[in-house]
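# Examining the three-dimensional arrangement
Residues per chain, in single letters:
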Amino acid sequence: MQAQQEHAFEFTGKGWEYFKIWIVNLLLSILTLGIYSAWAKVRRLQYFYRNTRLADASFEYHGTPIAILKGRLIAFALLVIYTVAGNLNPLLAILAFVLLAAVMPWLIVRSLRFKLYNSSYRGLRFGFAGSDGAAYTVFLLFPILTVLTLYLLAPFTHYKIKQYQHNNSRFGDTFFRFDASAGSFYGIYLKAFGLLVLAGVFFGISVALHMPWLALILPLFYLYIAGFIAVRLPNLIWSKTGLGEHDLYSRMAVGKYLWIALTNLLGIVFTLGLYIPFAQIRMARYKFSCMGLLAQGDIAEFVAGQVQADSATGEETAEMFDLDISL
Amino acid sequence: MVAAQYFDGRTSAAQVVTLTSDGEWLQLRGEVLTRQWLMRDVKVSERLGDTPRRIELPDGGHCEVGDQVALESLLKQAGYRGSWLDGMQHSMRWAMLSAVLIIVAFAAAYRYLLPWGAGVVAQSIPPAMLQKLGASSLQTLDKLMLEPSKLPAERQQALRAAYAKLAALPDAQLDYQIEFRSAPQIGPNAFALPDGNIVMLDELVALTKNDDEILAVLAHERGHVEQRHALRMVLQSSAVGLVMTWYMGDVSSLLATVPAMMVQASYSRDMEREADDYASRSLSLNGLSPCLLTDILRKLEAAHVQRQGEAENNKKGSVMDYLAGHPATQERSALLCPAH
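Computed from a prediction, not measured in an experiment: that's the story for all the values here.

Quick notes on the rules
Residues numbered from 1 in each chain as written. Chains lettered and ligands numbered in written order. Predicted model: local features only at pLDDT ≥ 70, side-chain atom pairs only at ≥ 80, totals over all residues. Helix = DSSP H or I, 4+ residues; strand = E, 2+ residues; numbered from the N terminus. Rg over C-alpha atoms; globule rule 2.2 N^0.38 Å. Buried ≥ 20, exposed ≤ 12 C-beta atoms within 10 Å, placed from the backbone. Contact = placed C-beta atoms within 7 Å. Pairing = 2+ DSSP bridges. Nonpolar A, V, L, I, M, F, W, Y, C, P; charged D, E, K, R; others polar. Core = buried A, V, L, I, M, F, W, Y, C linked by C-beta atoms within 7 Å. Axes fitted to C-alpha atoms, helices over the stretch in contact; angles between N-to-C directions. Parallel < 35°, antiparallel > 145°, perpendicular 65-115°, else oblique. Expected span 1.5 Å × (residues − 1). pLDDT = per-residue confidence, 0-100. Left-handed = near helix turned anticlockwise from the far one by under 90°.

## Here we look at the overall build of chain A
Broken down by element type, chain A carries twelve helices and ten strands. Taking 20 Å as the expected radius of gyration for a compact globule of 327 residues, we find that chain A reaches 22 Å, a close match to that expectation. Along the longest, intermediate and shortest principal axes, the C-alpha atoms of chain A span 70 × 60 × 45 Å. Of all 327 residues assigned to chain A, the portion counted as buried reaches 33%. When contacts within chain A are restricted to residue pairs at least 6 apart in sequence, long-range pairs at least 24 apart make up 66% of them.

## Description of the overall build of chain B
Helix and strand counts for chain B come out as twelve helices and eleven strands. When each of the 340 residues of chain B is scored for burial, the buried share is 28%.

## Some remarks on the sheet that holds strand β1 (residues 2-7) of chain B
Note: strands within a sheet are paired through backbone hydrogen bonds, in either parallel or antiparallel orientation. Residue and element names in this part refer to chain B. Strand order in this open sheet of seven strands is β4-β3-β2-β1-β7-β6-β5, and the pairing throughout is antiparallel. At either end of the open sheet lies a strand with only one pairing partner, and these are β4 (34-38) and β5 (43-44). As defined by bridge partners, β5 adjoins strand β6 (residues 53-56) across two bridges and the pair is classed as antiparallel. In the sheet register, Lys43 faces β6, and the bridge partner there is Glu56.

## Structural notes on the environment of Trp106 of chain A
All names here are of chain A. Its location among the elements puts Trp106 in helix α4 (residues 90-117). The class of Trp106 is partly exposed, set by 14 C-beta atoms lying within 10 Å. Between the alpha carbons of Trp106 and Gly133 there is a distance of 9.0 Å; along the sequence they are 27 residues apart.

## Some remarks on the interface of chain B and chain A
Taken together, the contact between chain B and chain A spans 35 residues of the former and 35 residues of the latter. Contributions of two or more residues to the side of chain B that touches chain A are made by β1, β7 (62-65), α2 (84-89), α3 (92-123) and α8 (229-248) of chain B. Here the side of chain B that touches chain A gets eight residues from one element, more than from any other, and that element is α3 of chain B. Along the lines of polarity and charge, the residues of the side of chain B that touches chain A split into 17 nonpolar, 13 polar and five charged.

## Regarding the nonpolar core
Counting residues in hydrophobic clusters, the biggest one holds 33 residues, and the most contacted among them are Ala190, Met200, Ala216, Val217, Ala279, Leu293 and Ile296 of chain B. Taken together, the elements giving at least two residues each to this core come down to α3, β10 (190-192), β11 (197-201), α6 (202-207), α7 (211-226), α8, α9 (253-285) and α10 (291-308) of chain B. Looking at this core element by element, the count peaks at seven residues for α7 of chain B. Here Ala279 of chain B is in contact with Ala216, Ala219, His220, Gly223 and Leu293 of chain B, once residues within four sequence places are set aside. With 17 residues, the next largest nonpolar core counts Ile23, Val24 and Phe48 of chain A together with Ala95 of chain B among its residues.

## So, the packing of helix α9 (residues 254-270) of chain A against helix α10 (residues 276-289) of chain A
All names here are of chain A. Look at α9 against α10: their axes get within 9 Å of each other, and the N-to-C directions meet at 175°. By the angle between their axes, α9 is roughly antiparallel relative to α10. Where α9 abuts α10, its residues Lys256, Tyr257, Ile260, Asn264, Gly267 and Ile268 lie against Ile276, Phe278, Ala279, Arg282, Met283 and Tyr286. Along the lines of polarity and charge, the residues of the contact of α9 with α10 split into eight nonpolar, two polar and two charged.

## A closer look at helix α8 (residues 218-239) of chain A
Residue and element names in this part refer to chain A. Taking 1.5 Å per residue as the helical rise, α8 with its 22 residues ought to reach 32 Å, and the 31 Å between its terminal C-alpha atoms agrees with that figure. Taken residue by residue, α8 has Gly227, Val231, Arg232, Ile237 and Trp238 as its buried positions. Against α6 (154-167), α7 (182-208), β8 (241-243), β9 (246-250), α9 and β10 (291-296) lie the buried residues of α8.

## With respect to the pairing of β10 of chain A
All names here are of chain A. By the bridge criterion, five bridges tie strand β1 (residues 4-11) to β10 in an arrangement that is antiparallel. Paired with Gln4 across the strands is Gln296, a residue of β10. As paired elements, β9 and β10 share four bridges and run antiparallel to each other. Residue pairing in the sheet places Asp247 in a bridge with Leu294 of β10.

## Describing the sheet that holds strand β4 (residues 119-121) of chain A
Residues and elements named next belong to chain A. In space, the ten strands of this closed barrel follow the order β1-β2-β3-β4-β5-β6-β7-β8-β9-β10, with antiparallel pairing throughout. Recorded for the sheet is a direction-independent mean angle of 25° between the axes of neighbouring strands. The strands touched by α4 within the sheet are β4, β5 (124-128) and β6 (169-171), with β5 carrying the most contacts at an inclination of about 170°. Packing of α6 onto the sheet brings it into contact with β6, β7 (174-178) and β8, and relative to β7 it is tilted by some 165°.

## Considering the confidence of the model for chain B
Residues and elements named next belong to chain B. On average, residues of chain B carry a pLDDT of 78, and 84% of them reach 70 or more. Under a pLDDT of 50 for its full length, residues 250-264 has, in the predicted model, 21 contacts with residues more than four places off or in other chains. Overall, residues 310-325 carries pLDDT values under 50, and its contacts beyond four positions in sequence, including any with other chains, amount to nine contacts. Scoring the predicted complex yields pTM 0.77 and, for the interface, ipTM 0.81.

## Some words on unusual backbone geometry
Residue and element names in this part refer to chain A. Notably, Leu150 is not glycine yet its phi reads approximately 55°, a positive angle. Along the polypeptide, Leu150 turns up in the loop between α5 (132-148) and α6. The phi dihedral of Tyr151 is positive, around 70°, even though this residue is not glycine.

## Some points on α7 of chain A
Relative to the 39 Å expected for 27 residues at 1.5 Å per residue, α7 of chain A spans 39 Å between its end C-alpha atoms, a close match to the ideal helical length. Just downstream of α7 of chain A lies His210 of chain A, where phi reads positive at about 55°.

## Side note on the packing of helix α3 (residues 65-88) of chain A against α4 of chain A
All names here are of chain A. Taken N-terminus to C-terminus, the directions of α3 and α4 make an angle of 165°; their axes are 9 Å apart at the nearest point. On the basis of their axis angle, the class for α3 and α4 is roughly antiparallel. In this structure, α3 meets α4 at a crossing whose hand is left-handed. Only Leu92, Ala93, Leu95, Ala96, Leu100 and Phe114 of α4 make contact with α3, whose side of the interface consists of Ala67, Leu78, Ile81, Tyr82, Ala85, Gly86 and Leu88.

## Regarding the confidence of the model for chain A
For chain A, the average pLDDT comes to 87, and 92% of its residues sit at 70 or higher. Below pLDDT 50 for its whole length, residues 306-319 of chain A participates in 13 contacts with residues either more than four positions away or in separate chains.

## Here we look at the environment of Thr329 of chain B
All names here are of chain B. Looking at the element boundaries, Thr329 is found in helix α12 (residues 329-336). Overall, the presence of 18 C-beta atoms within 10 Å leaves Thr329 in the partly exposed class. The spacing of Thr329 and Asp295 is 34 residues in sequence and 10.0 Å in space, taken between C-alpha atoms. Excluding residues within four positions of it along the chain, Thr329 makes contact with Leu297, Arg298 and Glu301.

## Considerations on the environment of Trp25 of chain B
All names here are of chain B. The residue Trp25 is located in strand β3 (residues 25-30) in this model. Given 13 C-beta atoms within a 10 Å radius, Trp25 is considered partly exposed. C-alpha separation for the pair Trp25 and Gln36, spaced eleven residues apart in sequence, amounts to 6.5 Å. Setting aside its immediate chain neighbours within four residues, Trp25 contacts Gln36, Leu38 and Met39.

Structure representation (structure tokens):
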């Protein structure tokens, strides 16, 4: 048994440095009526990837602006079809909705493939091997069942989505694994729900006691619940994700996260958005400072493997287009 | 000489190497490794702040270089030139200039492009669509805040007849009708629907001393309809909302609607003036004095001031002027009825 070694992630982006890149690219995006934004996106991702360091090496983003433009055209076409059909007649609207639901899982798989294939670390590419069939189960069947069960199934669906995503991701030829249980997802969702009920009880008390000012604390309650979900779920998901024999972890704290999110929001509002690049850097810095890799032995032993060798086919599909889908 | 990490692209192992160049060749030397490539065959990544730079090599491997200064001098020697954007992205002067240009672009788009675009779109909407929009907005208003009118049927009929006699300006496009309603919580008011129907509130009828004043208000509302003001406002505020959502990105969409609301209020100032102008021409055409509108505006203002119970309202003129949807009555009166 080799000794376990902890490698913490580090994010080295700097606010002013990113501000300069961001604002010049924003200007070019505006002057080109949005077309340049695909180039700006590549640059933004490159800046964030290259500033993300683990074990003395940084990540790299390889996506091309043209692929991103193609993805945006597809998304735009779908949006136009959906709105136009919706305005023409109800039957067409239903048809458009069904069409959209039918292509969405397929598009999500393409998007995941693009995203992972175009990310690399130490010269090895990431990849995604999820099948379309399984994608239709987790992105279409389970969400429908979730609605039918009045959202009782929501945590389970979330669990299945993450399981599908992480179990099918690989680095070089080494697959990630996802060891979380559906029960742990229910645990977090139930706690959040409990806090929500508590907020309701609190509101009831404030009404019963004729002290409406007590209800002013309610927004703080909701804020805490939002922060709780935004922190606890990623913590669970990443801490139960492994790469081969190595384990990952995420240890964000709700209070610290909320403080950063809130001050970021205020900064953005009071500078008319000029604080956006600083806010993004701050948040990335915090998130990555809480993440790391618990390595069993040497992390230099990953290999590219077969999949990367015959890159022609992989590249062909993965280079097709990118969709801005965040999961 | 540049210190770098070499990755061969087949394993994740890093090898410490040094890079040198004679201008034409790039030499790589490590503990077990000695290679060289033509400088023009290697691809050097764009400079992005202080991030490590990548040198992609023809063998499928790459080098990660943290030492920016050393690399820069090596590249200079080889005659490598950065892209035109390179200098801009790393200069504070360009950043500030960009900020100013972005603000100018937004301001210009907001002041000129947005009203013009909304006008073009609003004018191209077919009458059938306007009818649908008008009917559905009246339905919504009826549900939310309007009550049936308490005016006697004869009085309604008389006002309709008087309005029907009001000749339209030659460029008028729509048919006009009056809908009578009551809304105690809104107070004296009238508003135009996109299809040309005008909702007249009992409270306004009660405020007027003769039917000509009512006609003046109706002419004003007709100006709003002819110039598609309601539609333009909806189009403009949704466009602003869309842009704000895109720009603010992850900030909640709630915040994005706040500026849209402010835009609505300030736009209607221009629109009120346009509608006043339309009413003035319309009244003149019918042999009525534009001062009628001035009179009823005064009364409306007085009624609203009274409703709010704010006697100091007038003293705060400058602030109110800016915040209010309607331009100050005095300003409008001077334009409509200079002799008054």
